[in-house]
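Take a look at the letters that make up each chain.
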There are 2 protein chains.
Amino acid sequence: MTTATSPRALEHPPRDRIRLEAVLHALSDPVRLRIVRDMAREGTELSCSYFDLPVTKSTTTHHFRVLRESGVIQQMYRGTAKLNALRGEDLDALFPGLLDTVLAAADAQAARTEGAA
Amino acid sequence: MTTATSPRALEHPPRDRIRLEAVLHALSDPVRLRIVRDMAREGTELSCSYFDLPVTKSTTTHHFRVLRESGVIQQMYRGTAKLNALRGEDLDALFPGLLDTVLAAADAQAARTEGAA
DNA sequence: GTCAAACTACGAGGGTTCTCGTACAATGGG
DNA sequence: CCCATTGTACGAGAACCCTCGTAGTTTGAC
C-alpha cells in the first residue's frame, strides 16, 4: 500500500543526471522515435494507449520505460491511465536545440521516404 | 588482388541511404561519441592511431566500422594508415544542424562533468 | 462486489553489441 | 628481402536489447 499523495511512484532521473548517450540511444529506436514524434506533434500529455504501435502492450511498456529512464519523457498516473509528456524544458536546458533538431531530422527523413513511396 | 585504382575498397552508404536511427545509435556509444568529437575538434582527416581510446585495437576497428556503416564518417586508405573524416556535408544535407547540435551537447555535458570533478 | 480497462512484472527466446585475443594482410623503409 | 607499422578478420564470451506471452495489479464504473 502506497501513500495517498503518490499512489504509484515512477522513477525519473533528475535533470542533472540525464546523459546524452542515453538520450541518443533512446531516440535511436524506430518505435521510440515515433512515440516522441507523436508526442511532439500533439504537444499535450498523452496516455500510452493513444499510440497505435506495431508492437504488443508489453513491448510498449518497455519502450516507455526506456524513454522515461533516459530522461526523455515524464510519466504520471491518472486513474488507470498513464500520462506521458516530453521533458522539453529539461532537455533544452541540458542540450539546447537537440530535441528540435532530431525531430526536424525525423520529419525530413519521413518526408523523403514517404515521397519515394 | 584488387584493382590498382582502389587498393582496398571500403563500403560506405550513399547519402540517400543514411538513416537517422543508425546515426543516433552510432553516436550513442561513449567511445564513438568521443571519436566524433575529436574529429570535429581537429577538423582534418585523422588516422585511426591518432585516437587514444580506452579499448584495444580490435575494438577500435569495430567502432570505426559502425561509424562508417552508419554514414557518420568516411574512411580511405593512405599507405598503411587509414584516414577518417566526418561526413559533415552529407549529414547536414540530410539532417540540418544535427551534428553540430549533438557536438555542442557533448561539449556541454563534458564541461558539466569536468566542472564537478 | 463485480467487472472491464489500462498498464505492469516476470520470464524467456532470439538477436545484436561491445569487448577481447590471436592470427593475419597490406604498405613503406632499410 | 626483412621488418616494423597499421589496421583487419575471425571467433568467442558477456552483456544488453527488442519482442512476446502470461499472469497480475490498480483504478474507476456499474
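Keep in mind the model is a prediction, meaning the values are calculated, not measured. Each chain has its residues counted from 1, running along the sequence as written. Starting at A for chains and at 1 for ligands, labels are handed out in the order in which the entities are written. With pLDDT at 70 or above as the cut-off, local features in this predicted model cover only qualifying residues; side-chain atom pairs require 80 or more to be listed or tallied, and sums for whole chains, interfaces and linings still use all residues. In computing side-chain properties, one takes all heavy atoms of the structure into account and sets aside hydrogens as well as water.

Draft legend 1. Main features of the protein's contact with DNA strand D. If a single non-hydrogen atom of a residue is within 4 Å of a molecule or strand, that residue counts as near it. Residues in close proximity to DNA strand D total 23 residues, the closest being Thr-56, Ser-58 and His-63 of chain A together with Thr-61 and Lys-82 of chain B. Close to the protein, within 4 Å, the atoms of DNA strand D are drawn from sugar and phosphate at a rate of 68%. At 3.0 Å, a side-chain N or O of His-62 of chain A approaches a phosphate oxygen of DNA strand D. Polar contact criterion, stated in full: a pair of N or O atoms within 3.5 Å, where within protein one must be able to donate a hydrogen and the other to accept it, and residues adjacent in sequence count only if both atoms are side-chain atoms. Between DNA strand D and His-63 of chain A, the relevant distance is 2.4 Å, taken from a phosphate oxygen to a side-chain nitrogen or oxygen of the residue. Among the elements of the structure, helix H3 (57-70) of chain A together with helix H3 (57-70) and strand S3 (81-86) of chain B are those that each provide at least two residues to the surface near DNA strand D. Taken together, the residues of the surface near DNA strand D sort by class into five nonpolar, twelve polar and six charged. Helix and strand definitions here come from DSSP, where helices need a minimum of 4 consecutive H or I residues and strands a minimum of 2 consecutive E residues; each element is numbered from the N-terminal end. Residues are grouped as follows: nonpolar covers Ala, Val, Leu, Ile, Met, Phe, Trp, Tyr, Cys and Pro; charged covers Asp, Glu, Lys and Arg; every other residue, Gly included, is treated as polar.

Draft legend 2. Local environment of the pairing of strand S3 (residues 81-86) of chain A. Residue and element names in this part refer to chain A. The pairing criterion is simple: DSSP has to find at least two bridges between the two strands. One ladder, built from two bridges, connects strand S1 (residues 46-47) with S3; its direction is antiparallel. Paired with Ser-47 across the bridge in S3 is Leu-83. Bridge count between strand S2 (residues 73-78) and S3: six bridges; the pairing is antiparallel. By the bridge assignment, Ile-73 is partnered in S3 with Leu-86.

Draft legend 3. Up close: the sheet that holds S2 of chain A. Strand order in the open sheet made by the three strands is S1-S3-S2 (chain A), with antiparallel pairing throughout. The sheet terminates laterally at S1 and S2 of chain A, the two strands that pair on one side only.

Draft legend 4. View of the protein's contact with DNA strand C. Close to DNA strand C lie 23 residues; Lys-82 of chain A together with Thr-56, Ser-58, His-63 and Thr-80 of chain B are nearest. At the protein interface, 67% of the atoms of DNA strand C within 4 Å belong to sugar or phosphate. A distance of 2.9 Å separates a phosphate oxygen of DNA strand C from a polar atom in the side chain of Arg-32 of chain B. At 2.8 Å from a phosphate oxygen of DNA strand C is found a main-chain nitrogen or oxygen belonging to Thr-56 of chain B. Taken together, the elements giving at least two residues each to the surface near DNA strand C come down to H3 and S3 of chain A together with H3 of chain B. Counted by class, the surface near DNA strand C contains five nonpolar, twelve polar and six charged residues.

Draft legend 5. Structural view of the side chain of Asp-90 of chain B. All names here are of chain B. For Asp-90, the location among the structural elements is in helix H4 (residues 88-94). Here the side chain of Asp-90 touches Arg-15 through a polar contact of 2.6 Å, side chain to side chain. Throughout, a residue-residue contact means that at least one pair of heavy atoms, one from each residue, lies within 4.5 Å. In this structure Asp-90 touches Arg-15 and Ile-18, once residues within four positions along its chain are discounted.

Draft legend 6. The UniProt feature "domain: HTH arsR-type" (unreviewed entry) in chain A, seen in detail. UniProt positions are given in the numbering used here, feature names are shortened, and annotations may be inferred rather than shown by experiment. The UniProt record annotates "domain: HTH arsR-type" (unreviewed entry) at residues 12-106 of chain A. Taken end to end, residues 12-106 of chain A is 54% helix and 15% strand, and its first and last C-alpha atoms sit 25 Å apart.

Draft legend 7. Up close: the nonpolar core. In this description, a nonpolar core means a group of buried Ala, Val, Leu, Ile, Met, Phe, Trp, Tyr and Cys residues linked to one another through side-chain atoms lying within 4.5 Å. Here the term buried applies to any residue with accessible area under 20% of the maximum for its type, exposed to any over 50%, and partly exposed to those in between, with areas from a 1.4 Å probe on protein chains only. Ranked by size, the top nonpolar core spans 56 residues in total, and within it Val-72 of chain A together with Val-72 and Phe-95 of chain B carry the most contacts. When sequence neighbours within four positions are dropped, the list of residues in contact with Phe-95 of chain B reads Ala-105, Gln-109 and Arg-112 of chain A together with Ile-18, Arg-19, Leu-20 and Val-23 of chain B.

Draft legend 8. Geometry of the relation of the copies chain A and chain B. When the copies are superposed, the least-squares fit draws on C-alpha atoms of residues that have pLDDT of at least 70 in both. When chain A is fitted onto chain B, the two copies agree to an RMSD of 0.0 Å after a turn of 180 degrees and an axial shift of 0.0 Å. As the rotation angle and translation indicate, the two copies are arranged about a two-fold axis.

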